[in-house]
Amino acid sequence: MKIILLGPPGAGKGTQAKKIAKEFDIPHISTGDIFRQNLRENTDLGKLAKEYMDKGLLVPDEVTNKIVENRLEKNDCQKGFLLDGYPRNVEQAEELDRFLQGKGIHLDCVLNIEVEKEALIERITGRRVCPNCGATYHIKTFPPTVDNVCDKCGAQLIQRSDDKLESVVKRLEVYESQTKPLIEHYTKKGILVNIDGNKSVEEVFEDIKKVLGDRG
Ligand code: AP5
Ligand code: ZN
């Protein structure tokens, strides 16, 4: 399975991606996670990415494209992959088209997760993440068993620095102007499927499994 997950910030891409990757045994490639991992390790890439992420802007295409292409060339991607948060503008999508075409790889499906705007803000501002293992929680819909403590590794949960309201507003604007046009890009290719992301995590996952089951 070769899949792209599209959707606005907070739509539940990361949440669903983890479940899909496990179910279909394919690598989950999240550009946001790669940047955050680099930030934790204090690499040059991490420092560069933070400047853009905290402002809610996209990291430059030439940096992002290279990272994804290097990752897709690894052996474990031969059986399939799930791209989460990439591509994010038309230029990235066109570069990915060229890259995949050059390798004779065809995408199976682009899942476009749709969620009402008010719910997005509620989801993002209520999100808490584990800085140690990357697990994601929500203070209302998916709280940890003990307040602010990761169930998986016991670390103290934090709020992502780009989840403060002013960054969120910018990220939503960037989504509208730069990422939303990808819906048309992939609709024209006949591989886009809309998923109602307003339902519960499990219901959304059931819908996704049905779509991927029909295509697999
Ligand atoms: P990235 O990490 O990709 O963030 P994003 O796209 O803004 O998406 P989010 O992580 O905010 O949300 P999500 O859809 O994964 O939702 P989640 O599952 O966590 O990118 C961050 C930044 O990195 C960008 O702004 C940019 O600067 C840079 N970047 C990344 N990729 C790039 C690229 N290709 N090019 C250039 N720059 C790039 O869920 C959200 C919350 O809701 C959670 O708390 C969760 O528990 C809860 N939740 C999830 N599903 C449900 C549900 N069904 N019901 C109720 N609650 C739910
Ligand atoms: Zn943890």
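Preceding this section is the structure that the text describes.
Engineer: Give me the overall build of the protein chain: which residues, what numbers.
Structural biologist: Looking only at helices and strands, one finds 9 helices and 7 strands in the protein chain. Radius of gyration (C-alpha) of the protein chain: 17 Å, near the 17 Å computed for a compact globule of 216 residues. The principal-axis extent of the C-alpha atoms belonging to the protein chain is close to 50 × 40 × 35 Å. Burial status across the protein chain gives 46% buried among its 216 residues. For the protein chain, the share of sequence-separated contacts (at least 6 apart) that also reach a separation of at least 24 residues comes to 69%. Accessible area of the protein chain: about 11,200 Å², with a carbon and sulfur share of 50%.

Engineer: Explain the site of ligand 1 residue by residue, including any values.
Structural biologist: In the neighbourhood of ligand 1, 33 residues make up the surrounding shell, with Thr15, Leu57, Arg88, Arg127 and Arg171 lying closest. Gln92 is positioned with one of its side-chain polar atoms (N or O) 2.9 Å from a nitrogen atom of ligand 1. In the model, an oxygen atom of ligand 1 is placed 2.9 Å from a nitrogen or oxygen of the Tyr137 main chain. Within the complex, the protein chains bury 95% of what would otherwise be the 1,100 Å² of accessible surface of ligand 1. Broken down by secondary-structure element, the contributors of at least two residues to the shell around ligand 1 are helix H1 (13-24), helix H2 (31-40) and strand S6 (136-138). At 4 residues, H2 tops the list of elements feeding residues into the shell around ligand 1. Here the residues of the shell around ligand 1 are counted per class, giving 11 nonpolar, 13 polar and 9 charged.

Engineer: Lay out the coordination of the zinc ion (ligand 2) with the relevant residues and their values.
Structural biologist: For the zinc ion (ligand 2), the full set of protein donor atoms is Cys130 (SG), Cys133 (SG), Cys150 (SG) and Cys153 (SG), and the range of their distances to it is 2.3 Å. Coordination at the zinc ion (ligand 2) is tetrahedral, judged from the 4 donor atoms that bind it and the angles of 97 to 120° they form at the metal. Mapping the donors of the zinc ion (ligand 2) onto the primary sequence gives the spacing C-x2-C-x16-C-x2-C. Within this pair, whereas Cys130 is found in the loop between strand S5 (127-129) and S6, its partner Cys150 is found in the loop between S6 and helix H7 (165-179), the two being separated by 20 residues in sequence.

Engineer: Break down the nonpolar core for me, citing the residues and quoting the values.
Structural biologist: Residues Ile3, Ile20, Leu111, Ile195 and Leu212 are the most contacted members of the largest nonpolar core, which totals 23 residues. Looking at this core, the elements with two or more residues in it are strand S1 (2-6), H1, strand S4 (109-114), helix H6 (117-125), H7, strand S7 (192-196) and helix H9 (201-215). A per-element tally of this core places H9 first, with 5 residues. Sequence-distant contacts of Ile3, defined by excluding residues within four places in its chain, comprise Ile20, Ile26, Phe81, Leu82, Leu83, Cys109, Leu111 and Leu212. Formed by 19 residues, the second largest nonpolar core is a distinct cluster that contains Ile4, Leu6, Ile29 and Leu96.

Engineer: An account of the packing of aromatic side chains is needed here, citing residue identities and associated values.
Structural biologist: Enumeration over the complete set of coordinates arrives at 1 aromatic pair. Pairing Tyr137 with Phe142 gives two aromatic rings, centres 5.7 Å apart and planes at 15°, and the pair type is stacked.

Engineer: Just give me the short version of the side chain of Arg160, but keep the residues and values in it.
Structural biologist: Looking at the element boundaries, Arg160 is found in the loop between S6 and H7. Look at Arg160 and you get buried, because its relative accessible area is 15%. Polar side-chain contacts of Arg160 include one of 3.0 Å to the side chain of Asp162. Beyond its immediate chain neighbours, meaning those up to four positions away, Arg160 contacts Arg36, Arg127, Val129 and Arg171.

Cut-off values and rules
- Residues numbered from 1 in each chain as written.
- Chains lettered and ligands numbered in written order.
- Predicted model: local features only at pLDDT ≥ 70, side-chain atom pairs only at ≥ 80, totals over all residues.
- Heavy atoms only, no water.
- Helix = DSSP H or I, 4+ residues; strand = E, 2+ residues; numbered from the N terminus.
- Rg over C-alpha atoms; globule rule 2.2 N^0.38 Å.
- Buried < 20%, exposed > 50% of the residue type's maximum accessible area, 1.4 Å probe, protein only.
- Contact = heavy atoms within 4.5 Å.
- Areas by Shrake-Rupley, 256 points an atom, 1.4 Å probe, with all protein chains shown as cover.
- Near = heavy atom within 4 Å.
- Polar contact = N/O pair within 3.5 Å; in protein donor to acceptor, adjacent residues only side chain to side chain.
- Nonpolar A, V, L, I, M, F, W, Y, C, P; charged D, E, K, R; others polar.
- Donors = N, O, S within 2.8 Å, 3.2 Å for Na, K, Ca; no water.
- Tetrahedral: all angles 85-135°; square planar, octahedral: opposite > 155°, others 65-115°.
- Core = buried A, V, L, I, M, F, W, Y, C linked by side-chain atoms within 4.5 Å.
- Phe/Tyr/Trp six-rings, centres within 6.5 Å; stacked < 30°, edge-to-face > 60°.

It is worth stressing that arrangement in space is one thing and function is another; only the former is reported here.
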